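# Analysis of the macromolecular model
Residue strings, one per chain:
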There are 2 protein chains.
Amino acid sequence: MTPEALQVLLVEDEPQMRRFLRVALEGGGYRYLEAASGREGLALAVQHRPDVILLDLGLPDMDGLDLMTRLREWSRTPVIVISARGRETDKIGALDVGADDYLTKPFGTGELLARIRVALRHADPGAVEDPLFTLGRWRVDLARRQVLVAGQEVHLTPLEYRLFTTLIRHAGRVVTHRQLLKEVWGGVAGAQPLYLRVYMAQLRHKLEEDPSRPRYLQTEPGVGYRLRTED
Amino acid sequence: MTPEALQVLLVEDEPQMRRFLRVALEGGGYRYLEAASGREGLALAVQHRPDVILLDLGLPDMDGLDLMTRLREWSRTPVIVISARGRETDKIGALDVGADDYLTKPFGTGELLARIRVALRHADPGAVEDPLFTLGRWRVDLARRQVLVAGQEVHLTPLEYRLFTTLIRHAGRVVTHRQLLKEVWGGVAGAQPLYLRVYMAQLRHKLEEDPSRPRYLQTEPGVGYRLRTED
DNA sequence: GAACGGCGTTAAGAAGGCGTTAGGAATCCA
DNA sequence: TGGATTCCTAACGCCTTCTTAACGCCGTTC
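Attention shifts here to the sheet that holds strand 2 (residues 31–35) of chain A. All names here are of chain A. An order of 2-1-3-4-5 is seen for the 5 strands of this open sheet, with the pairing classed as parallel. Here the strands that pair on one side only, and so sit at the sheet edges, are strand 2 and strand 5 (101–104). Within this sheet the neighbouring strands show an average axis-to-axis angle of 20°, counted without direction. Pairing geometry for strand 1 (residues 7–11) and strand 2, over 5 bridges, is parallel. Bridge pairing in strand 2 links Gln7 to Arg31.

In this section: the packing of aromatic side chains. Under the counting rule described, the total for this entry stands at 8 aromatic pairs over all chains. Where Trp185(A) meets Tyr199(A), the ring centres are 5.6 Å apart and the plane angle is 75°; that geometry is what we call edge-to-face. In this pair, Trp185(A) sits in helix 7 (residues 177–185) while Tyr199(A) sits in helix 8 (residues 193–207), placing the two residues 14 residues apart along the sequence. A relative accessible area of 14% places Trp185(A) in the buried class. An aromatic cluster is present here, built from Trp138(A), Phe164(A) and Tyr216(A) joined pairwise through their rings. Here the guanidinium or amino end of Arg145(B) rests over the ring plane of Tyr161(B), the centre of that ring lying 4.2 Å away.

With respect to spatial proximity, 23 residues lie near DNA strand C, and among them Arg204(A), Thr219(A), Tyr225(A), Thr219(B) and Gly222(B) are the closest. Between DNA strand C and Arg197(A), the relevant distance is 3.1 Å, taken from a base nitrogen to a side-chain nitrogen or oxygen of the residue. The side chain of Tyr225(B) places a nitrogen or oxygen atom 2.8 Å from a phosphate oxygen of DNA strand C. Looking at the surface near DNA strand C, its residues break down into 9 nonpolar, 10 polar and 4 charged.

So, about unusual backbone geometry. Note: most peptide bonds trans; most residues except glycine with negative phi. Residues and elements named next belong to chain A. With an omega of 0°, the peptide bond running from Lys105 to Pro106 counts as cis. Mapped onto the secondary structure, Pro106 falls in the loop between strand 5 and helix 5 (109–122). Even without glycine at this site, Arg145 takes up a positive phi of about 55°. In this fold, Arg145 is placed in the loop between strand 7 (138–141) and strand 8 (146–149). Exposure remark for Arg145: the relative accessible area of 36% places this residue in the partly exposed category.

Calculation criteria
Residues numbered from 1 in each chain as written. Chains lettered and ligands numbered in written order. Predicted model: local features only at pLDDT ≥ 70, side-chain atom pairs only at ≥ 80, totals over all residues. Heavy atoms only, no water. Pairing = 2+ DSSP bridges. Helix = DSSP H or I, 4+ residues; strand = E, 2+ residues; numbered from the N terminus. Axes fitted to C-alpha atoms, helices over the stretch in contact; angles between N-to-C directions. Phe/Tyr/Trp six-rings, centres within 6.5 Å; stacked < 30°, edge-to-face > 60°. Buried < 20%, exposed > 50% of the residue type's maximum accessible area, 1.4 Å probe, protein only. Lys NZ or Arg CZ within 6 Å of the ring centre and 35° of its normal. Near = heavy atom within 4 Å. Polar contact = N/O pair within 3.5 Å; in protein donor to acceptor, adjacent residues only side chain to side chain. Nonpolar A, V, L, I, M, F, W, Y, C, P; charged D, E, K, R; others polar.

Put into structure tokens, the structure is as follows:
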């Protein structure tokens, strides 16, 4: 196996399925990497940056869709879902949170390999996988969930981090109160604009040089907030 | 249906299937284009440059794989194959000559639409630039909710912004007092023409070079206001 | 030439949105 | 089970924004 061989990460808890796929993938000329749980899968994705990810939705420790969402926060690596669930809503849900294909068990190895080739074809050739967002003295490593301000690591709570990355994802444009509440608090009933005020204040204190005169985390009165990018 | 709606080309010889898919696609908000033969399909693809192509492999006049090959000589438009043939070799063949996905009949419309969304997502990873409205030294990015005058960002309050964008939307044409009040103040009782005078003055101060002699934000006495476009 | 109506301008009060702080509840981890 | 972290909630004061009124300018009309 040459070191240039493309690498496939398989996230699957059933040992039998892992064995089967390992043979198929190595037979197809790919380097092979496996994880038996969602947590391990995410870690390996961060560590090895595989070229394709095969993901079983029925994992023991976390929901497959959550894993997709977490992954898509920083990576556009093609994901092919392989699942025993053939219900249409499962497929739609997975595809809409960022999966690139959905294969229902059982399937043939030939088709799997062909769909992997399609996924590789789609992978943005020019785009160097760069999960780094930088702005002023800030450096955010989306893959490691690490935020540095002037080289110093700053700890953000889960909600602070989600609010921050939501603004990053829409950098430069206004994000409305409604949209922020939906994306950060997940459409939970009772999410109030008051939350945003509190958490924006906390973010400013942790990230801005002069929290009372924010340079990047800007308020758009009556509308929402915006992460200002300099141009 | 807005003229910006994405367009789907369906190449399918069975009338019954065409009817079914037409309903599904138009229900999904796409513009719809159909061809009953491979020859016609290629011609329409050249002519209309659809955003996605749905291709049935079982065509009367030419083999679906040949069509794929011919198409890929000049176009990378995403192609989703829909076929009654579920044999693995068919799938592999289609995917390897350039198809982006392969759906076996019968399938649900929800899944089809989800796979179309995936195909569209793949189509342009190169970020699309925001549509800009420019006029003189003004540059308005509606998506970012940002207004630049001579390169300098200018802050507008919610009402100012709504008034301004309403005029932009009808650029060049007169917008009556009544219409402006309705679109900006939302039909709230008590909205007076006085409001317009106040807010037009504020807009002129923020945007015009000589607010007392406005170049673009013009008054149409007794009727309304107009955003003058030059030419 | 004086009265009138439409418009622009300015300013001030009112209303609502926003930032800030802190304390208690809930959750997580050891 | 205990401690620490994180989240929710309320209270308060400030600041932006909206509304409203007053006044001056200009052109038209009688």
